[in-house]
Amino acid sequence: MINIQIAKNLKELMKQYNINQVGISKEIGVAQSAVSAWLSGKKEPITLSLWLLDDYFDCTIDELVGRSE
């Protein structure tokens, strides 16, 4: 499932950038509950959120969703 891959990759990026759920939610302007749902694999980020995450972490959507390394 793609949401499990996103959760795994997002957790790794957050670890590398030393940022928690509250921090990333403030940085990209989404609710902390949304970040929590992404990290638990319950929901997938919408396209706009993927763009914001990719900009923040300086990666691509493909990398975030696990389509490339």
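Note that this is a predicted model, so its numbers are computed, not measured.

**What about the pattern of salt bridges?**
Link 1 in the chain: One pass over the full model with this rule turns up one salt bridge.
Link 2 in the chain: With its nearest N and O atoms 3.8 Å apart, the salt bridge here joins Asp 62 to Arg 67.
Link 3 in the chain: Classification of Asp 62 as partly exposed rests on a relative accessible area of 34%.
Link 4 in the chain: Accessibility expressed as a relative area gives 67% for Arg 67, which makes it exposed.

**Re a nonpolar patch on the surface**
Link 1 in the chain: Where nonpolar side chains cluster on the molecular surface, the patch consists of Ile 46, Leu 48 and Trp 51 and spans about 350 Å² of accessible area.
Link 2 in the chain: Structurally, the position occupied by Ile 46 is in the loop between α3 (32-40) and α4 (47-57).
Link 3 in the chain: Relative accessible area serves as the criterion here: at 56%, Ile 46 is assigned to the exposed category.

Parameters at a glance
Residues numbered from 1 in each chain as written. Predicted model: local features only at pLDDT ≥ 70, side-chain atom pairs only at ≥ 80, totals over all residues. Heavy atoms only, no water. Salt bridge = Lys/Arg side-chain N within 4 Å of Asp/Glu carboxyl O. Buried < 20%, exposed > 50% of the residue type's maximum accessible area, 1.4 Å probe, protein only. Patch = residues over 30% accessible without salt bridge, like charges linked within 9 Å, V, L, I, M, F, W, Y side chains within 5 Å. Areas by Shrake-Rupley, 256 points an atom, 1.4 Å probe, with all protein chains shown as cover. Helix = DSSP H or I, 4+ residues; strand = E, 2+ residues; numbered from the N terminus.

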